[in-house]
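Structural overview for review
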Amino acid sequence: MSLRLFKIIKQLTQLTGVAAGIYAMSLGAPPLATFAMMAVIITGPEGLEYFIEKGGGSA
């Protein structure tokens, strides 16, 4: 997987997390639970990126 493809997937995941949070709040979800869900979705790829960079990744 190239770095550019990973960055695109990461940005799409973050955008999806924000959209899901906004949609959940529009349906009446509790704000604290919604923000927690959004934080998990948004930081997921960041954690993966940390392990890829730490391990050297693939060429």
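Let's talk about the side chain of Thr34
Tracing the backbone shows Thr34 in helix 2 (residues 31-55). What makes Thr34 buried here is its relative accessible area of 2%. The residues contacting Thr34, other than those within four sequence positions of it, are Gly21, Ala24, Met25 and Ala29.

Section: helix 1 (residues 3-26)
Between the first and last C-alpha of helix 1 there are 35 Å, a value that for 24 residues agrees with the 34 Å anticipated at 1.5 Å per step. Taken together, the buried positions of helix 1 are Phe6, Lys10, Gln14, Gly17, Gly21 and Ala24.

Considerations on the environment of Ala24
With respect to the secondary-structure elements, Ala24 resides in helix 1. In contact with Ala24, not counting residues within four places along its chain, are Ala29 and Thr34.

Rules of the game
- Residues numbered from 1 in each chain as written.
- Predicted model: local features only at pLDDT ≥ 70, side-chain atom pairs only at ≥ 80, totals over all residues.
- Heavy atoms only, no water.
- Helix = DSSP H or I, 4+ residues; strand = E, 2+ residues; numbered from the N terminus.
- Buried < 20%, exposed > 50% of the residue type's maximum accessible area, 1.4 Å probe, protein only.
- Contact = heavy atoms within 4.5 Å.
- Expected span 1.5 Å × (residues − 1).

Taken by themselves, the reported measurements are silent on function.
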